[in-house]
Amino acid sequence: MHEMHVVVLSGGTGSVKLARALYRLEQEGSVGRSNCGCSGRSDYKHDERIHLSIVCNVGDNVWMHGLYICPDIDTIVYGLAGVLDRVRGWGIAYDTFNCLAQLALLEGEQWFMLGDRDMAMHIVRSRMLREGRRLCEVTGYVCSKLGINANVLPASDDHVETRMVTDRGEMHLQEFWVRYKGTLDVNGVVYRGVENARACDDALHAVEEADTIIIAPANPVSSILPILAVKELGDAVRRARSRCIAVSPIVGSSPVSGPAAKYMRALGYDVNPVSIACMYREFASRLVIHGTDEHYADTIRGMGLDVYTTDILMDDEHDELRLASYLLSIR
Ligand code: FO1
């Protein structure tokens, strides 16, 4: 049976919904379920097996307390392992924060919430990195320990840092978003270190071998463009443009979640699906937009992309599977 190689370019909180649905389809194999509604399997049938690789943004990685935190990688890992806190969209469900409380006693107020169980991930990762292991090896290792059967790959093993240029100066994305709660005015965004970053070999290989590349409905500025700014990866996706489908993270004039609107405006874009087409047109040949945005379709087609309209909102597991299945059907 033919295996369909699917690559997802992924950020964190929004992307994990699509990633875990594709993962579920991968795990179920090609054998769909009958319509009894009682097997716990998804309703969707495919005649091919899926081989899934998720290429994760690394621009929001940050060193804290001597530990290397990779929020987008971890959100995907926890999502696929079934332990993600679905309300927050990051960290482990039911985690406690005792270590952080003790850190606050010793070092003063902490603005970045690291859970006790989550901390174990950062301790293991940081130790392995200090021993000279690459981030992709470390990620593969923790995935195997957590029983994840998909390739979760960092875009790069090198440190790239998404930094916001604000009136208070340039700062790490986490500082802007978490410490200052996204309240400062943004004048620009830079991906520090990206010029010298090499693509993770496995991520590059996955993109080159992919039958379908899906750009997840993620923040284009802080999640997807930092992946594509890694030169070798961006070039590989450009070469695979005809096989690349992007899902708009914008419905009407608002992002489905998060600060995408603020970041897009900072880069001079209006907030609508046409701007998403503009940002991705060199990388993707197709854009999936929400049904109510049909009126943008002709403009986007005029920009050289095929347009598909469907319900792109993912409020529950059923929505996630529906969108994942739809994307596989239009490849
Ligand atoms: N987001 C917050 O808004 N506040 C936090 O304290 C916070 C802690 C945190 C810890 C680990 C982790 O993996 C993610 C965390 N996030 C937190 C999410 C993160 O800041 C962003 O949502 C992502 O970087 C954006 O993709």
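Before any of the text, the structure's been laid out above.
This structure is a prediction, so every number in the text was calculated from the model and none was measured.

S.K.: Explain the sheet that holds strand E6 (residues 161-166) here, please?
M.R.: Picture the strands of a sheet paired through backbone hydrogen bonds; they go either parallel or antiparallel. Read across the sheet, three strands follow the order E7-E6-E8 without closing on themselves; strand pairing throughout is antiparallel. Bordering the open sheet on either side are strand E7 (169-172) and strand E8 (186-192), each of which pairs with just one other strand. Shown here is a sheet whose adjacent strand axes are inclined to one another by a mean of 25°, direction ignored. In this sheet, E7 lies alongside E6 in antiparallel orientation, the contact comprising four bridges. What sits directly across from threonine 166, in E7, is glycine 169.

S.K.: Just to check I follow, could you spell out the pattern of salt bridges for this structure?
M.R.: Once their charged atoms are close, side chains differing in charge can pair, the charge on each being opposite to the other. One pass over the structure, following the stated rule, counts 21 salt bridges. Aspartate 74 is the salt-bridge partner of arginine 125, the closest N and O atoms lying 2.3 Å from each other. Of this pair, arginine 125 sits in helix H4 (residues 116-130) while aspartate 74 sits in helix H2 (residues 71-81), placing them 51 residues apart in sequence. The two residues arginine 125 and aspartate 74 agree in class, both being buried.

S.K.: Explain the packing of H2 against H4 here, please?
M.R.: The interhelical angle for the contact between H2 and H4, taken along N-to-C directions, is 120°, at an axis separation of 12 Å. It follows from the interaxial angle that H2 and H4 lie oblique. Helix-helix and strand crossings are classified by hand; for H2 and H4 the assignment is right-handed. Each of Ile73, Asp74, Val77 and Tyr78 in H2 lies in contact with H4, whose residues at this interface are Asp118, Met121, His122 and Arg125. Partitioning the contact of H2 with H4 into residue classes produces four nonpolar, one polar and three charged.

About the criteria used
Residues numbered from 1 in each chain as written. Predicted model: local features only at pLDDT ≥ 70, side-chain atom pairs only at ≥ 80, totals over all residues. Heavy atoms only, no water. Pairing = 2+ DSSP bridges. Helix = DSSP H or I, 4+ residues; strand = E, 2+ residues; numbered from the N terminus. Axes fitted to C-alpha atoms, helices over the stretch in contact; angles between N-to-C directions. Salt bridge = Lys/Arg side-chain N within 4 Å of Asp/Glu carboxyl O. Buried < 20%, exposed > 50% of the residue type's maximum accessible area, 1.4 Å probe, protein only. Parallel < 35°, antiparallel > 145°, perpendicular 65-115°, else oblique. Left-handed = near helix turned anticlockwise from the far one by under 90°. Contact = heavy atoms within 4.5 Å. Nonpolar A, V, L, I, M, F, W, Y, C, P; charged D, E, K, R; others polar.

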